[in-house]
There are 2 protein chains.
Amino acid sequence: MSVKFAVLGHGVVGSGVVELFYKNKEKIEKKAGCEIELKYILDLRDFPDTPYADKFTKDFNDILNDDEVTAVTECMGGLEPAFTFVKACLERGKSVSTSNKELVAEKGDILLAIAKEKNCNFFFEASVGGAIPIIRPLHKCLAANDISSVSGILNGTTNFILTKMYNDNMAFGDALKLAQELGYAEKDPTADIEGFDACRKICIISSLVYGKHVYPKSVYTKGISDIDLADVQTADSMGYSIKLIASVRRMENGNILPCVMPMLVSHENIISSVSDVFNAVLVDGDAVDKVMFYGRGAGKFPTASAVVGDLIDSVKHKITVFSQSWEPAEDDSFVEKIDSFKSRWYIRVSSGAKVSDSAQLETESGLSYITDNELTFAEAMSEAEKSGALAVIPVLE
Amino acid sequence: MSVKFAVLGHGVVGSGVVELFYKNKEKIEKKAGCEIELKYILDLRDFPDTPYADKFTKDFNDILNDDEVTAVTECMGGLEPAFTFVKACLERGKSVSTSNKELVAEKGDILLAIAKEKNCNFFFEASVGGAIPIIRPLHKCLAANDISSVSGILNGTTNFILTKMYNDNMAFGDALKLAQELGYAEKDPTADIEGFDACRKICIISSLVYGKHVYPKSVYTKGISDIDLADVQTADSMGYSIKLIASVRRMENGNILPCVMPMLVSHENIISSVSDVFNAVLVDGDAVDKVMFYGRGAGKFPTASAVVGDLIDSVKHKITVFSQSWEPAEDDSFVEKIDSFKSRWYIRVSSGAKVSDSAQLETESGLSYITDNELTFAEAMSEAEKSGALAVIPVLE
């Protein structure tokens, strides 16, 4: 008996899923323990020249109404029609694996609840960190841990730009242009460089780790577009790299504080060695201490690898519904506001200013220093305003 | 209904399992989806002062013959009596999670076959890389990949020693002494420093990835006891760290070549940033490209974290037997001999020697160079012998 599945969307990731599936079909079936057949590919466009042209359909109902199809991989991206399609599949008891971070970040709780009710699986390993196994290890391998924080580099485009600024002294605009030329950044790079992409991913991680749905709109998000090359260089001299860090930590009051911000990362921290388009996620647990996952956070085959891994798992465990799940959140009162975020801060002021903090460096772009003490976000902003600071960036501890 | 489990061995890891279980009991039960009760702790010693003194037994049969006990965690270490006990548990259909790398490396195929036959699970996430999720991600998340090689730092003691040599210019003997003082190395450090520990772990990874049992005796293993501080320093000047690397690669003829050797790792490779007692495993797959897992490879709670994570999984999936498995190997003809191992090599010869290779550095300890071309192990040894080399170390590509 073979299991039949459908691929929704034949863009970069969807075509990767199809190609990877056929390339490693034998291995994949061995792992899944049964034969697997690709029955449909949904796309509004025509692909007459692919070897699987006969699989294409433009009508989602062909897939939905075919009871032979028990598993679906969603690789369309965007909220709609992905949400409508995935919801309909789960309601019919078809397991879904998706690479769509927007879908999971905005609608994960609803889709997980339907999957549970209908005794099928909703998997989304590919939605965070592309190829990097992170969702399943977080949920399963680290299940015995009380997790105090997760922080990481969750966007490859911005990490590439920051790496170019750091290694090659390129200004932000030039590095962005290069990223676009190389296909690492979109024509409209807003979602990446303003941190929205990283925000969706830290929402998914936060929801999974703390058990309640965290919406992107509740998360303070700041991108890298105003990072000055001078700060990248000065931070380096002081022993730090600047990285776009998406993080979530549990506060003493039990609330959680997710946020996305450029941060100074000490060269002693392995996260600072993560360069180019690579992503990494560092998990802090009471038993494991620090664990890091590293790899390609995007790209056709890396992302397809995670989607097909999920497909194998849903085929293998047809009867087991995984408890990888979280509750809907009635409000976001459990999400702490950014004002109470605490850390040491890197601040750059005009040359000639006087500061009392001990770590300081005078260059032609001004006087940079790292505060001796931890300050809240609100305190740091107020100090920066008073001194007319040219840059103010938190330090990852 | 609660699930009842037993812990075999109350040493460092076993006591960690018990403490971690009680500390995070509520979270653990939530993840497992049911109540879990620790019913027995097996140890020949007395522990009258622990809060769970009433759980102790000295008689393994108490556990074996108690049908209420459906899951067992084995933390005794060593081949016997661990093998006899684990085998007996699996034969009675009790799922077993173990941290015992020797047991898995020597007897994994037998135990996996019994678990499969008896419809229970044999899990061993803790046996490789301690806290680091590696077994399950390799098997599940990367299931869609054709894996060409795995390489990593799988022994924390030797990594600590090499880090001390590198950072603090300590000689090998002094660094070993410090490791012993800090409790990172045993009184008899042979298993760590001669690479036997790393060898068992790469055997487990090789068996899992390539599907056939690889025995430690088939694996070329060289430790770090003759690494000279001069080579650590010279390699650094040439842009490399020296690390004890356990690796396995697939050869063109389909055979595999596992081995354990000190190797030069380029500073560009993130593996070279893994210091102190931390471990890391880098996986190369056709779809994911490179993925790395990083964390504490040993220690009471990190290891216990992995054991309890496995326990949760076996409780949760009572009815699902995982196909994380491999076949027994009738002989080791599929394991390539070290002679065909190929790489560039770092070689140090007496000062004044003449070599034609381009990367070379003359210091007071001699002339060091890296061969321009890849040489097989056999060729490198022959070149080294001819030139009376003082050191010959492969380069990790």
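These notes cover the structure that comes with them. (Residues numbered from 1 in each chain as written. Chains lettered and ligands numbered in written order. Predicted model: local features only at pLDDT ≥ 70, side-chain atom pairs only at ≥ 80, totals over all residues. Heavy atoms only, no water.)

### Some thoughts on the pattern of salt bridges
- Under the counting rule described, the total for this entry stands at 48 salt bridges over all chains.
- Its salt-bridge partner being Lys201(B), residue Asp197(B) comes within 2.8 Å of it at the nearest N-O pair. Note that Asp197(B) and Lys201(B) are positioned in helix 10 (residues 196–210) at a spacing of 4 residues, about one turn of the helix.
- Overall, the relative accessible area of 6% leaves Asp197(B) in the buried class.
- Put simply, Asp228(B) and Arg348(B) hold a salt bridge, and the shortest N to O gap is 3.7 Å. In this pair, Asp228(B) is assigned in the loop between strand 8 (220–221) and helix 11 (229–237) and Arg348(B) in strand 14 (residues 345–349), connecting sequence segments 120 residues apart.
- Within the structure, one salt-bridge network assembled from shared partners comprises Glu125(A), Arg136(A), Asp310(A) and Asp313(A). (Salt bridge = Lys/Arg side-chain N within 4 Å of Asp/Glu carboxyl O. Helix = DSSP H or I, 4+ residues; strand = E, 2+ residues; numbered from the N terminus. Buried < 20%, exposed > 50% of the residue type's maximum accessible area, 1.4 Å probe, protein only.)

### Quick word on the sheet that holds strand 18 (residues 391–394) of chain A
Residue and element names in this part refer to chain A.
- What the 4 strands build is an open sheet, ordered 15-16-14-18; its pairing is antiparallel. Looking along the sheet, the strands with just one partner apiece sit at the ends: strand 15 (359–363) and strand 18. Across this sheet, the average inter-strand angle for adjacent strands is 15°, counted without regard to direction.
- In this sheet, strand 16 (residues 366–370) lies alongside strand 15 in antiparallel orientation, the contact comprising 5 bridges. Across the sheet, Ala359 pairs through a bridge with Ile370, a residue of strand 16.
- Relative to strand 14 (residues 345–349), helix 11 (residues 229–237) is tilted by about 120°, and along the sheet it contacts strand 14, strand 15, strand 16 and strand 18.
- Packed on one face of the sheet, helix 13 (residues 377–386) meets strand 14, strand 16 and strand 18 and runs near 10° to strand 14. (Pairing = 2+ DSSP bridges. Axes fitted to C-alpha atoms, helices over the stretch in contact; angles between N-to-C directions. Contact = heavy atoms within 4.5 Å.)

### Quick notes on the side chain of Arg136(B)
All names here are of chain B.
- You can see Arg136 is positioned in helix 6 (residues 135–141).
- Judged by its relative accessible area of 3%, Arg136 is buried.
- Within the structure, the side chain of Arg136 is placed 3.1 Å from the side chain of Asp313, a separation counted as a polar contact. (Polar contact = N/O pair within 3.5 Å; in protein donor to acceptor, adjacent residues only side chain to side chain.)

### A few points about the sheet that holds strand 3 (residues 56–57) of chain A
Residue and element names in this part refer to chain A.
- The parallel open sheet is built from 6 strands, whose spatial order is 3-2-1-4-5-6. Among the strands making up the open sheet, the edge pair consists of strand 3 and strand 6 (122–123).
- Bridge analysis of strand 2 (residues 35–42) against strand 3 gives 2 bridges, and the strand direction is parallel. When the bridges of strand 3 are listed, Ile41 appears paired with Phe56.
- Packed on one face of the sheet, helix 12 (residues 300–316) meets strand 1 (2–8), strand 2, strand 4 (69–74), strand 5 (95–98) and strand 6 and runs near 165° to strand 5.

### What to know about the interface of chain B and chain A
- Contact with chain B, which involves 47 residues of that partner, is made by 47 residues of chain A.
- Summed over both sides, the interface between chain B and chain A buries roughly 4100 Å², with carbon and sulfur atoms accounting for 58% of that surface.
- Area buried by chain B at its contact with chain A is led by Cys141(B), Ala144(B) and Tyr294(B), which between them contribute 14% of it.
- Lys23(B) is the salt-bridge partner of Asp286(A), the closest N and O atoms lying 2.7 Å from each other.
- Taken together, the links from chain B to chain A amount to 15 residue pairs in polar contact (both at pLDDT 80 or more).
- Residue assignment for the side of chain B that touches chain A shows that the elements contributing at least two residues are helix 1 (12–23), helix 2 (25–32), helix 6, strand 12 (289–296) and helix 12 (300–316) of chain B.
- Counted by class, the side of chain B that touches chain A contains 24 nonpolar, 10 polar and 13 charged residues.
- As paired strands, strand 12 (residues 289–296) of chain A and strand 12 of chain B are joined by 5 bridges and run antiparallel to one another. Bridge assignment links Met292(A) to a residue of strand 12 of chain B, and that residue is Tyr294(B). (Buried area = accessible area lost by both parts, 1.4 Å probe. Nonpolar A, V, L, I, M, F, W, Y, C, P; charged D, E, K, R; others polar.)

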